[in-house]
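Chain residues, written in single-letter form:
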2 protein chains.
Amino acid sequence: MFESAEIGHKLSKAEWKKEIPELREGLLDAQLDLLQSRKFPVIILVAGVDCAGKGETVNKLNEWMDTRHIETHALRDLTDEEIERPHMYRYWRVLPPKGKIGIFIGTWYSNPLIENVYGKTKNAELDQQLERIVRFEKMLCNEGALILKFWLHLSRDEQKKRLKSLEKDSKTRWRVTETDWHHYKMYNKFRQVSERMLRQTSSAESPWTIVEGTDPRYRYLTIGKSLLNALRQRLDAPESPKHEEPIPPIMPTIDNLFLLQTLDLTKKISKKEFEEELEKYQGKLNLLTRHLNFKKLSIVVVFEGHDAAGKGGSIRRITQALDARQFRVIPVAAPTEEERVQPYLWRFWRNIPRKGRFAIFDRSWYGRVLVERVEGYCKHADWMRAYGEINDFEEQLQRNKTLVIKFWLSISQEEQLRRFKEREKISFKRFKITDEDWRNREKWSDYEVAVCDMIDRTSTEIAPWTLVEANDKQFARIKVLRTLCERIEKALVK
Amino acid sequence: MFESAEIGHKLSKAEWKKEIPELREGLLDAQLDLLQSRKFPVIILVAGVDCAGKGETVNKLNEWMDTRHIETHALRDLTDEEIERPHMYRYWRVLPPKGKIGIFIGTWYSNPLIENVYGKTKNAELDQQLERIVRFEKMLCNEGALILKFWLHLSRDEQKKRLKSLEKDSKTRWRVTETDWHHYKMYNKFRQVSERMLRQTSSAESPWTIVEGTDPRYRYLTIGKSLLNALRQRLDAPESPKHEEPIPPIMPTIDNLFLLQTLDLTKKISKKEFEEELEKYQGKLNLLTRHLNFKKLSIVVVFEGHDAAGKGGSIRRITQALDARQFRVIPVAAPTEEERVQPYLWRFWRNIPRKGRFAIFDRSWYGRVLVERVEGYCKHADWMRAYGEINDFEEQLQRNKTLVIKFWLSISQEEQLRRFKEREKISFKRFKITDEDWRNREKWSDYEVAVCDMIDRTSTEIAPWTLVEANDKQFARIKVLRTLCERIEKALVK
């Protein structure tokens, strides 16, 4: 895999001088087109062998282009705000928006590589980590990102030469650390693991480009040109109609029996029972949050349900049991301008809680496979891939000891009508029934299909859906509270 | 000052039951009106004597209102991302946007109070800190915020009773810490300093409300009602025309001699000199950033100047000397949706760099007193107060060892015309001259007045403006680099 990057590529000064003006002009042009069109974000990863010139290369790219629209991230030590959240949080929070370029040195590849080389992970674990990266990058590409991955390579002899020459010069001596020499001694191991890594993570959408790092001119020009080509190609591609790969349709159930229909919506409890249980479970929930291990957990609660199914009321019964300092309720409405230029999961990543905290989502990322699917706000392929992306997202939360607790509040069509009318009567202002609510209602059966698909495809062992029979509000609220307590208790005991 | 809060206020259960339904209804209504009108943000501070029921009160407010549009912040230990930035950063980052309510327990008052009680600050320092708070709150009010400050008070005897009764109950015992008893012993000192603090920070726009904390019902209802009154008053106030206090006009210079006109724009240097100096100062700048003490500093560089004065080119000459990992260039254009619902300085606070980093602003917060003033985007009173607010902002940066280095790049009207025409000729696309550029040009003399006022009012010892004669690009770039080096060097030696 590294063969072609050990054959002594180089570029003469004359060739360099000839090529550079046009390249720089081209890059600036492309950057401006990108900025003005806001067509897509560009993510550039610069990784590779120690001292192969990663930093210099990134500086060169900054020099050639307009630094006002580039952000360079060298992510090393986790800050304490990052350490309490899933590993990928630090990358999500600095993803470039559409129209901009983000350059990463110290990427999501660094840890998996180092840990395996140092023997902290077995190959199976490494492969698992790489597979997650592949899925993450694939998602970014599907969301429109242009990802360019450069691996700067040096042969063993070249690396030694480079280290020595950096050490000799008093101006660059500081750049050579003990770790560098230590890694040099482990060259073969690094090479072997790197190769495995590159092989498994070179995909059609985001392939690695291996660049011989010995000659700076060769290195710069190779990367500069390949960036320019990639930018131009994407910028000049015709806007639409994009050829959509046909996606196999989901087979609808042939006997018209849906999961939701199997719910017994007549379930109810008496007022007395409700009051007793409410006190019991609110007290229990409060106690659980004072448990010694609670500060090792984070809790994400998701509420989805029919319009007027009682999400707000259920949320209130939870927050009543909590200290206001521990929770945040996030009402999910239309995305803001800053959110619209990011992948759809970005706005939820921003709200991932720290340890010992609750984030309660009133509607959530499931909008992608519900309203966006039914109303046609995204393409068939987009919502189809969302199931997997959402499962990946929730799995990352779970690995970080973040409980994901999801409720679907279900009411019957008749009960919804009754509540709509009641709301219109009681207080015109507070519970505004909009035309949209009535429109959604007309698509009841489309939503029903979407909900059933959602549950079938995203109710997982790590983040199961709880279906809540919500025609009786009291019954629903108790079921929500009880489920919450059970899930948290189980996690605390583990 | 605390007299009225020690006379045993209380409320009977019957009165409570009578009052509550209406209050809750009113609060919910007001909250919805607030959310829909997005007229202003609400900032509620809950402070006071230990164990006077701050947490409980905040929980009650959350219970009464719609928690989806309230955020409660109990800010204690600084995170490491906060610790590297000015003290107020942590509050800025969580300010509620227009339409929402932010509740703070553990406020900007906590530190000044504690430090003075513990004898870490003298009274003069306390007063200085309080004065800064007054200015900060005044700015928030001027930007439209509704600030409500509640101080929960307990007499010495009541505090003792409370501590004992909490300790007796096994369910609440955990709430009483050693610190609480320690503070109880210092009751008189706390009382004395608190009084000083409340006295100095009660302003017409954001007065303190002192509430006797003994009886929960009395406490909740007092705070609930005063919140409702304040909300209703602001919500129901007629939209416009707001009576504008007449602001004394700035006296224009009577002999038509402006500071900018005194600049010798014929200053220039030869190409040879430029190249020598460029290498010299870029090398020096690079070395300075490797200085041992550099990681204790942050650098904020501000570029303002006439259109086409060469801001971009000057910035490029700086970033060429830096490692891409250390700097970020922030191009300032129209604010985003999320920025528009915050005070105008918010978008700049978001970009304050960590230690050892540069933030280079291509246009800045000075837009408030330049374009917004000249184009009438804000009112006379708004840009007049901005001078002081900006000085306060920069002073906070400076106290946090953040250098603020500001450049005004000045060209003549003829030179601007030449550059506009040249740009239109050379490359229509890259340097787009917009109609707006031509329009701005017509207001040359208005801008000139605004620039001179800006410099007179914001060129301070801690953050001086450097006026750069920029008709000759080479001269300008060297002056910028040299100034930057000098400022950083001076700060490193200190």
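Per-chain numbering applies: the sequence of each chain, read as written, is numbered from 1 onward. In the order they appear in the text, chains get letters beginning with A and ligands get numbers beginning with 1. Given that this is a predicted model, residues contribute local features only at a pLDDT of at least 70 and side-chain atom pairs are listed and counted only at 80 or more, while totals for whole chains, interfaces and linings are drawn from all residues. Excluding hydrogens and water, the side-chain values take into account all heavy atoms of the structure.

**Some remarks on the overall build of chain A**
Strands here mean DSSP runs of E at least two residues long; helices mean DSSP runs of H or I at least four residues long; both are numbered from the N terminus. The secondary structure content of chain A amounts to 20 helices and ten strands. Reported as C-alpha extents along the three principal axes, the dimensions of chain A are approximately 85 × 55 × 40 Å. Residue burial in chain A is summarised as follows: out of 494 residues, 54% are buried. For chain A, the computed accessible surface area is about 23,500 Å², with 50% contributed by carbon and sulfur atoms. Here chain A contributes 89 positive and 76 negative side-chain charges, whose respective centroids are spaced 4 Å apart. Burial classes: relative accessible area under 20% of the type maximum marks a residue as buried, over 50% as exposed, and values in between as partly exposed (1.4 Å probe, protein chains only). Each accessible area is a Shrake-Rupley result for a 1.4 Å probe, and residues are judged covered by the shown protein chains and nothing else. In this tally, Asp and Glu contribute negative charge and Lys and Arg positive charge; neither His nor the terminal groups of the chain are included. Where a charge lies is defined by one atom per residue type, namely NZ (Lys), CZ (Arg), CG (Asp) and CD (Glu).

**Quick word on the pattern of salt bridges**
Residue and element names in this part refer to chain A. In what follows, salt bridge is the name for a side-chain nitrogen of Lys or Arg lying within 4 Å of a carboxyl oxygen of Asp or Glu. Per the stated rule, a full pass over the model turns up 86 salt bridges over all chains. Linking R368 and E143 is a salt bridge whose minimum nitrogen-to-oxygen distance equals 3.1 Å. Taken together, the residues R368 in the loop between β8 (358-362) and α15 (371-374) and E143 in the loop between α6 (123-142) and β4 (146-153) connect sequence positions 225 residues apart. The pair formed by R368 and E143 is uniform in burial state, with each residue classed as buried. The closest approach of N and O atoms between E415 and R418, which form a salt bridge, is 2.9 Å. Of this pair, E415 and R418 both sit in helix α17 (residues 413-426), three residues apart, which is roughly one turn of that helix. Residue class for E415 comes out buried when judged on its relative accessible area of 12%. Residue classification places R418 among the partly exposed positions, given a relative accessible area of 44%. Connected via shared salt-bridge partners are E143, R368, E372, D382, R385 and E389.

**Observations regarding helix α8 (residues 178-185) of chain A**
Residues and elements named next belong to chain A. Looking at α8, one finds that the buried residues are D180, H183 and Y184. Looking down the long axis of α8, one finds its buried residues gathered within 105° of arc, a one-sided arrangement. Those residues of α8 that are exposed and aimed more than 90 degrees away from the buried face are E178 and K185. Buried residues belonging to α8 abut α5 (110-117), α7 (156-168) and α9 (187-201). Comment: arc refers to directions from the helix axis out to C-beta atoms. Here a residue-residue contact requires only that any non-hydrogen atoms of the pair lie within 4.5 Å.

**As for the relation of the copies chain A and chain B**
Placing chain A over chain B gives an RMSD of 0.0 Å and needs a rotation angle of 180°, together with 0.0 Å of translation along the axis. Such a turn and shift between the copies fits a two-fold axis. Looking at the interface residues of chain A, 100% of them are also at the interface in chain B, so both copies use one shared face. For this overlay, a least-squares fit was computed on C-alpha atoms, restricted to residues scoring pLDDT of at least 70 in both copies.

**Overview of the packing of aromatic side chains**
To pair, rings of Phe, Tyr and Trp, with the six-membered ring standing in for Trp, must have centres within 6.5 Å; the planes then decide the type, stacked if under 30 degrees apart, edge-to-face if over 60, and tilted in the middle. For the structure on display, the rule yields 44 aromatic pairs over all chains. Looking at R368 of chain A, its charged tip hangs above the ring of Y344 of chain A, at a distance of 4.1 Å from the centre. Positioned above the aromatic ring of Y387 of chain B is the side chain of R457 of chain B, whose terminal nitrogen or guanidinium carbon lies 5.5 Å from the ring centre. Note on geometry: a ring has a charge over it if NZ (lysine) or CZ (arginine) is within 6 Å of the ring centre and within 35 degrees of the ring normal.

**What to know about empty space enclosed by the protein**
Residues and elements named next belong to chain A. Whether a set of points on the 1 Å grid over the protein atoms alone is a cavity depends on a 1.4 Å probe fitting there but being unable to get out, while an open set qualifies as a pocket with protein on both sides within 12 Å along at least five of seven lines; lining residues are those with an atom within 4 Å of a point. Grid points are joined across faces, edges and corners, and a volume is the space filled by probe spheres set on the points. Following the criterion strictly, the structure yields six cavities of 30 Å³ or more and no others. Reported here for the largest cavity is a volume of approximately 70 Å³. P41, I43, L95, P96, K98, L140, E143, A145, V341, Q342 and P343 are the residues that line the largest cavity. Gly is placed with the polar residues, together with every amino acid not listed as nonpolar (Ala, Val, Leu, Ile, Met, Phe, Trp, Tyr, Cys and Pro) or charged (Asp, Glu, Lys and Arg). Split into classes, the residues belonging to the lining of the largest cavity amount to eight nonpolar, one polar and two charged.

**Some words on the packing of helix α1 (residues 13-37) of chain B against helix α10 (residues 216-236) of chain B**
Residue and element names in this part refer to chain B. Axis lines are fitted to C-alpha atoms, over the contacting stretch for helices. Their N-to-C directions set the angle, which ranges from 0 to 180 degrees. For the pair α1 and α10, the least separation of the axes is 9 Å and the interaxial angle reads 35°. The way α1 lies across α10 gives a crossing that is left-handed. Facing α1, whose interface residues are K13, W16, E19, I20, L23, G26, L27, D29, A30, D33, L34 and S37, α10 presents R217, Y220, L221, G224, K225, L227, L228, L231, R232 and L235. Within the contact of α1 with α10, the residues separate by chemical class into twelve nonpolar, three polar and seven charged. Each crossing is labelled by how the near helix is turned from the far one, with a counterclockwise turn of less than a right angle marking it left-handed and a clockwise turn marking it right-handed.

**A closer look at the sheet that holds strand β4 (residues 146-153) of chain B**
What holds strands together in a sheet is hydrogen bonding between their backbones, with the strands either parallel or antiparallel. All names here are of chain B. Judged by pairing direction, the sheet is parallel, and its five strands sit side by side in the order β2-β3-β1-β4-β5 without closing on themselves. At either margin of the open sheet sits one strand with a lone partner, and together these are β2 (70-74) and β5 (208-212). Between one strand axis and the next, the sheet turns through 20° on average, direction left out of account. In terms of strand pairing, β2 meets strand β3 (residues 101-105) through five bridges, oriented parallel. Directly across from H73, in β3, lies its bridge partner F104. Where helix α9 (residues 187-201) meets the sheet, its contacts fall on β4 and β5, and the angle it forms with β4 comes to roughly 160°. Think of it this way: DSSP has to see at least two bridges between two strands before they count as a pair.

**Side note on the interface of chain A and chain B**
Contact with chain A, which involves 50 residues of that partner, is made by 50 residues of chain B. The interface formed by chain A and chain B includes ten salt bridges. Among the ionic pairs, R340 of chain B bridges to E337 of chain A, the shortest N-O distance being 3.7 Å. Polar contacts, as counted here, are pairs of nitrogen or oxygen atoms within 3.5 Å of one another; within protein the pair requires one atom able to donate a hydrogen and one able to accept it, and residues that are adjacent in sequence qualify only if both atoms are side-chain atoms. Here chain A is connected to chain B by 16 residue pairs in polar contact (both at pLDDT 80 or more). Among the elements of the structure, α1 (13-37), α2 (54-64), β2 (70-74), α3 (80-83), α12 (311-319), β7 (327-331) and α13 (337-340) of chain A are those that each provide at least two residues to the side of chain A that touches chain B. With six residues, α1 of chain A is the single largest residue contributor to the side of chain A that touches chain B. Classifying every residue of the side of chain A that touches chain B by side-chain character gives twelve nonpolar, eleven polar and 27 charged.

**Digging into helix α6 (residues 123-142) of chain B**
Residue and element names in this part refer to chain B. Here the expected length of a helix is defined as 1.5 Å per residue gap, with one fewer gap than residues. Between its terminal C-alpha atoms α6 stretches 28 Å, which fits the 28 Å expected from 20 residues at 1.5 Å a residue. Regarding α6, the residues found buried are L126, Q129, L130, I133, F136, E137, M139, L140 and C141. On its buried side, α6 packs onto β1 (42-48), α4 (89-92), α5 (110-117), β4, α9 and α16 (380-399). Count one or two residues on from α6 and you reach G144, which has phi positive near 110°.

**Remarks on the packing of α6 of chain B against α9 of chain B**
Residue and element names in this part refer to chain B. Two elements in contact, α6 and α9, have axes separated by 9 Å at closest approach and are oriented at 35°. Of the two possible hands of crossing, α6 and α9 adopt the one that is right-handed. Across the interface between the two elements, N123, L126, D127, L130, V134 and E137 from α6 touch V193, R196, M197, Q200 and T201 from α9. Per-class residue counts for the contact of α6 with α9 are five nonpolar, three polar and three charged.

**Let's talk about the confidence of the model for chain A**
The predictor rates its confidence in each residue with pLDDT, a number between 0 and 100. Looking at chain A as a whole, the pLDDT averages 91, with 96% of positions reaching at least 70. Overall fold confidence (pTM) sits at 0.87, and the ipTM for the predicted complex is 0.82.

**Description of the sheet that holds β2 of chain A**
Residue and element names in this part refer to chain A. Reading across from one edge, β2-β3-β1-β4-β5 is the order of the five strands in this open sheet, with parallel pairing throughout. Either end of the sheet is taken by a strand with one partner, and the two such strands are β2 and β5 (208-212). If you compare each strand with its neighbour and ignore which way they point, the axes differ by 20° on average. Packing against the sheet, α2 makes contact with β1 (42-48), β2, β3 (101-105) and β4, and its axis sits at approximately 165° to β3.

**Let's talk about the pairing of strand β9 (residues 402-410) of chain B**
Residue and element names in this part refer to chain B. Most of β9 sits out of view: nine of its nine residues are buried. A two-sided burial pattern is seen for β9, the buried positions comprising T402, V404, K406, W408 and S410 on one face and L403, I405, F407 and L409 on the other. Across eight bridges, the pairing between strand β6 (residues 298-305) and β9 is parallel. Paired with G305 across the strands is L409, a residue of β9. As paired strands, β9 and strand β10 (residues 465-469) are joined by five bridges and run parallel to one another. Directly across from K406, in β10, lies its bridge partner W465.

**Examining the side chain of T458 of chain B**
All names here are of chain B. Relative to the helices and strands, T458 resides in helix α19 (residues 444-458). Here M454 takes part through its backbone oxygen, which lies 2.5 Å from a polar atom of the side chain of T458. Ignoring any residue separated from it by four or fewer positions in sequence, one finds T458 in contact with Y366, Y387, I390, N391, E394, K406, A463 and W465.

**Focus on the environment of E339 of chain B**
Residues and elements named next belong to chain B. With respect to the secondary-structure elements, E339 resides in helix α13 (residues 337-340). A residue is classified by how much of its surface remains accessible, and E339, at 12% relative accessible area, is buried. Put simply, E339 and P97 are 242 residues apart on the chain and 8.6 Å apart in space, counted from C-alpha to C-alpha. Of note is the side chain of E339, whose polar atom sits 2.9 Å from the backbone nitrogen of T336.

**Regarding unusual backbone geometry**
Residue and element names in this part refer to chain A. Even without a glycine there, the phi angle at R363 is positive, about 75°. Note that R363 resides in the loop between β8 and α15. A relative accessible area of 28% means that R363 is categorised as partly exposed. One non-glycine residue, K401, adopts positive backbone phi at about 60°. Relative to the elements of secondary structure, K401 occurs in the loop between α16 (380-399) and β9 (402-410). Among the residues examined, K401 registers a relative accessible area of 49% and is labelled partly exposed.

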